[in-house]
Amino acid sequence: MVSAKEKSTAPEFCDVLQGNWGHSTIFQEDVGPLITERLTLIGMLMLWVLSMIVPAALSAVFVSAPTVVRIVRSLILDIKTRLYRRYADSRRVLAHHALGDFAKCARTLNC
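Calculation criteria
Residues numbered from 1 in each chain as written. Predicted model: local features only at pLDDT ≥ 70, side-chain atom pairs only at ≥ 80, totals over all residues. Heavy atoms only, no water. Helix = DSSP H or I, 4+ residues; strand = E, 2+ residues; numbered from the N terminus. Buried < 20%, exposed > 50% of the residue type's maximum accessible area, 1.4 Å probe, protein only. Areas by Shrake-Rupley, 256 points an atom, 1.4 Å probe, with all protein chains shown as cover. Contact = heavy atoms within 4.5 Å.

Draft legend 1. View of the overall build of the protein. Across its full length, the protein holds four helices and zero strands. Counting helices and strands in the order they occur from the N terminus, the protein gives α-α-α-α. Looking at the protein as a whole, 7% of its 111 residues qualify as buried. With the model as given, the accessible surface of the protein reaches about 10,100 Å², and the carbon-plus-sulfur share is 68%.

Draft legend 2. Focus on the side chain of serine 24. Structurally, serine 24 can be placed in the loop between helix H1 (4–9) and helix H2 (31–61). Relative accessible area serves as the criterion here: at 12%, serine 24 is assigned to the buried category. Once residues lying within four places of it in the same chain are set aside, the contact partners of serine 24 are Glu29, Val31 and Leu34.

In structure tokens, the structure reads:
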């Protein structure tokens, strides 16, 4: 049984809630200051990320719509062109291969 004196001096909460986070066996330091230091560094990193991303996002909002449309169209055209070239190259390779002209097949593949 627990005596009345021990009961009155016993902590109400566990050690973590009272600030006793223990001792790190890897860093050989108390854990409380380590967590404080790491959280401070993470907070500074988040501040820098937000200070870079928010202005970039706001500048993207204020870009004129025709400029955005022009950029998207050029990207789509570039993707279509690349896909068509790959399709045409694959058709040429199949044609050369079917005809038995393996030298042209290899040149088409840039081998």
